[in-house]
Amino acid sequence: MGNSISHISGRQSGMNISTSPQDTAQSSKRNIEFDDSASPRKRRLLESYSTGDIHQVIAIQLQPSTIYRCHTDFTNPVAKRLYREASDVFLKRKADTQLDPFSMKHVKLYEPCNTTAFIWSLPAEILVLIVALLGAQDMRCVAQVCSLLREIAGPLFFSNRNFPTSPKDLFYIRVDSPSFDILSTWIRMDAFRPPRMMLCWLNSDLRASQLSAFLHFLQSVPHKSIQYITLFWNFDILASPILPQILTFLENIRASGCEELTCMGFYHFAGSSGVTKLTRMHGHMGVNHLKAFEASSGVLFSPEFFPFTIQTICSSNLEKLRLSYIKLSSAHWEKLMRYLTILALVELQVDADCAPSTLIRFLARHPAIHTLCIVPRPCGTWRTNQITARLTLPISKLDGPLSHVLLVLRSLRTLPTLTCLALSLQAHDALPDYLSSVLQCVDRCDSVEYLFISLPSQIHSHSAMIWPGTHSAVRVRHLAFDSSDIVRTSLPFAEDTLALSAQWIQAFPEVRRVSMRGYSALAAGDLVDIVRKVVAADVELSVTLHN
């Protein structure tokens, strides 16, 4: 089938190698005489084995653990031919060849007539067709045999398991827990590049072996190469039989070197809070590389998960902290915010269940915060008295319900210059009307580049949407209205909130761009015609309606 080399001791052959200790000391080059039947390519291969390269071959046979995987392009015809020649000359009869530089005297080149055909001597195209007939589990086993079969079986294995990979540098990859075992094969591929972001979905049938496979992958990639890790789940994680392993899993991710960790659960949590144990916990600052942490589930504040949550916050030099949809009472929020001190914090997100007074006292201890977001909750009202703290903040982005935003703006010592002011209107904000409440916030600013108004989900009074005829002296460049939360019913024109809010544009005479988005009983063209009647001709308009 091809040519091979074999060690024959004490017998003459067509190829003679004469060596002596003195010749070896002087030069590693050997003189070789070939039979006429040897092809030029085989001559060059054997010549390379007769030089100092033979020592490397001997070392590889004696120490298999030192073999290193090379990056071979098997689609290159030259590489294919070279690989086959090397297989014919050396690999096929390696078991019969004793590569000892002190005892090897003669090497014979011959054409065997009955030799075993090794699978790697087949063309790469044939190997691809063979592997394509296998099942997913068999493909995975084949990919673990050697680098050649891994490069052939790997892409087929990933496609069979619907695992999205690309030879290009990926920015992010999405993977669910049943596919965690694929990561160990993917990382060994020649085309592997560590993604910067991983979006991971934990299924209800989560197993400890899947968590171990994911952690092994994190430990195998270069440190800090994966910067963002997001975990999702939609099951009762507290009832999982592997809850201790899940906690260990989260702790290992925290220590993996990632910069941003997001834990987001969609399962309704109605258990008790672990904030009551807060005074007995302590963190050690700077033991991991986290710069941003988002906890978006009440489970993370349960007695089982709360130690992990508070240690993550207290042991990290966080710049961004997002605590939303965690279902804490105002008393628990007050206790939590009083306990936390994060010196490097510049971005904060909390629920509207956190009382304005609690929030302002926390802001007073963190003077570097420039981005503040309060997630609104339905029918949430707060008293505006008993807030005496004065804030000095470089605030540039402010987002939240009007009740919180207005109190924060009132507490600032100087009028801020905002790049974004986002207001979520609710039914109780119509005192006397919605626009008057909005103007109270805007007038507390020096200028607003982008004013975003989320209209209330239900309008209880038509008079609440009227324009009182007042104008704002604050410059607003971009004005946006959103009615995505409106209850979708067949509203007549008189109750269409987007149509009614169009008259609010007159309150901001310096606006240069208007955006409208959400539900409306009117067509987009009709809304544009209404807006054109109240704005200057050079104002840019954008209308996007949901079906």
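Residues numbered from 1 in each chain as written. Predicted model: local features only at pLDDT ≥ 70, side-chain atom pairs only at ≥ 80, totals over all residues. Heavy atoms only, no water.

Caption draft 1: Up close: the overall build of the protein chain. The secondary structure content of the protein chain amounts to 17 helices and 17 strands. Relative to its 547 residues, the protein chain shows a buried fraction of 47%. Taking the intrachain contacts of the protein chain between residues at least 6 apart in sequence as the baseline, contacts between residues at least 24 apart amount to 75%. In the structure as shown, the protein chain presents an accessible area of about 27100 Å², 53% of it carried by carbon and sulfur atoms. (Helix = DSSP H or I, 4+ residues; strand = E, 2+ residues; numbered from the N terminus. Buried < 20%, exposed > 50% of the residue type's maximum accessible area, 1.4 Å probe, protein only. Contact = heavy atoms within 4.5 Å. Areas by Shrake-Rupley, 256 points an atom, 1.4 Å probe, with all protein chains shown as cover.)

Caption draft 2: Up close: the packing of aromatic side chains. If you walk through the whole model with that rule in mind, you get 15 aromatic pairs. With a centroid separation of 5.9 Å and 15° between ring planes, the pair formed by Trp 186 and Phe 217 is classed as stacked. You can see Trp 186 sitting in helix H8 (residues 183-186) and its partner Phe 217 sitting in helix H9 (residues 208-220), a full 31 residues away along the chain. Considering the side-chain rings of Trp 201 and Phe 266, the 6.1 Å spacing of their centres and the 20° angle between planes classify their relative orientation as stacked. (Phe/Tyr/Trp six-rings, centres within 6.5 Å; stacked < 30°, edge-to-face > 60°.)

Caption draft 3: Region of interest: the pairing of strand S4 (residues 197-202). Looking at chain direction, strand S3 (residues 172-176) and S4 are connected through five bridges and run parallel. When the bridges of S4 are listed, Arg 174 appears paired with Leu 199. Inspection of the sheet shows S4 paired to strand S5 (residues 228-233) by six bridges, in the parallel sense. Bridge pairing in S5 links Trp 201 to Phe 232. Between the parallel elements S4 and S5, the chain passes through H9 in a crossover that is right-handed. (Pairing = 2+ DSSP bridges. Right-handed = clockwise from strand over helix to strand, strands pointing away.)

Caption draft 4: Highlighting the state of the cysteines. Scanning the model with the defined rule gives zero disulfides in all. Not part of a disulfide, Cys 373 finds its nearest cysteine sulfur in Cys 420, a span of 9.5 Å. You can call Cys 373 buried: its relative accessible area is 17%. (Disulfide = S-S within 2.5 Å.)

Caption draft 5: Inspection of unusual backbone geometry at higher detail. A positive phi angle, near 55°, is found at Asn 162, a position not held by glycine. Relative to the helices and strands, Asn 162 resides in the loop between helix H7 (147-160) and S3.

Caption draft 6: Region of interest: the pattern of salt bridges. Under the criterion given, the structure shown has eight salt bridges. Measuring nitrogen to oxygen at the nearest pair gives 3.5 Å for the salt bridge that ties Glu 260 to Arg 322. One end of the pair, Glu 260, is in strand S6 (residues 260-265); the other, Arg 322, is in strand S8 (residues 320-323), with 62 residues separating them in the sequence. In this pair, the class of Glu 260 matches that of Arg 322, namely buried. A salt bridge links Arg 338 to Glu 334; the shortest N-O distance between them is 2.5 Å. Of this pair, Arg 338 and Glu 334 both sit in helix H12 (residues 330-339), separated by four residues, roughly a single helical turn. (Salt bridge = Lys/Arg side-chain N within 4 Å of Asp/Glu carboxyl O.)

Caption draft 7: Representation of the side chain of Ser 315 in the model. Take Ser 315: it is sitting in the loop between helix H11 (306-314) and S8. Overall, the relative accessible area of 4% leaves Ser 315 in the buried class. Among the polar contacts made by the side chain of Ser 315, one reaches the main-chain carbonyl oxygen of Gln 311 at a distance of 2.4 Å. (Polar contact = N/O pair within 3.5 Å; in protein donor to acceptor, adjacent residues only side chain to side chain.)

Caption draft 8: Seen up close, the packing of H12 against helix H13 (residues 356-364). For the pair H12 and H13, interaxial distance at closest approach is 10 Å and the crossing angle is 5°. In this view, H12 runs roughly parallel relative to H13, as classed from their interaxial angle. On the side of H12, the interface is formed by Trp 333, Glu 334 and Met 337, while H13 contributes Thr 358, Arg 361 and Phe 362. Looking at the contact of H12 with H13 residue by residue, the classes come out as three nonpolar, one polar and two charged. (Axes fitted to C-alpha atoms, helices over the stretch in contact; angles between N-to-C directions. Parallel < 35°, antiparallel > 145°, perpendicular 65-115°, else oblique. Nonpolar A, V, L, I, M, F, W, Y, C, P; charged D, E, K, R; others polar.)

Caption draft 9: Highlighting the pairing of strand S11 (residues 397-401). Where strand S10 (residues 371-375) meets S11, three bridges bridge the pair, whose relative direction is parallel. Paired with Cys 373 across the two strands is Asp 399, which belongs to S11. As defined by bridge partners, S11 adjoins strand S13 (residues 420-424) across five bridges and the pair is classed as parallel. Residue pairing for S13: Leu 398 is matched across the bridge by Leu 421.

These figures come from the coordinates and say nothing about function on their own.
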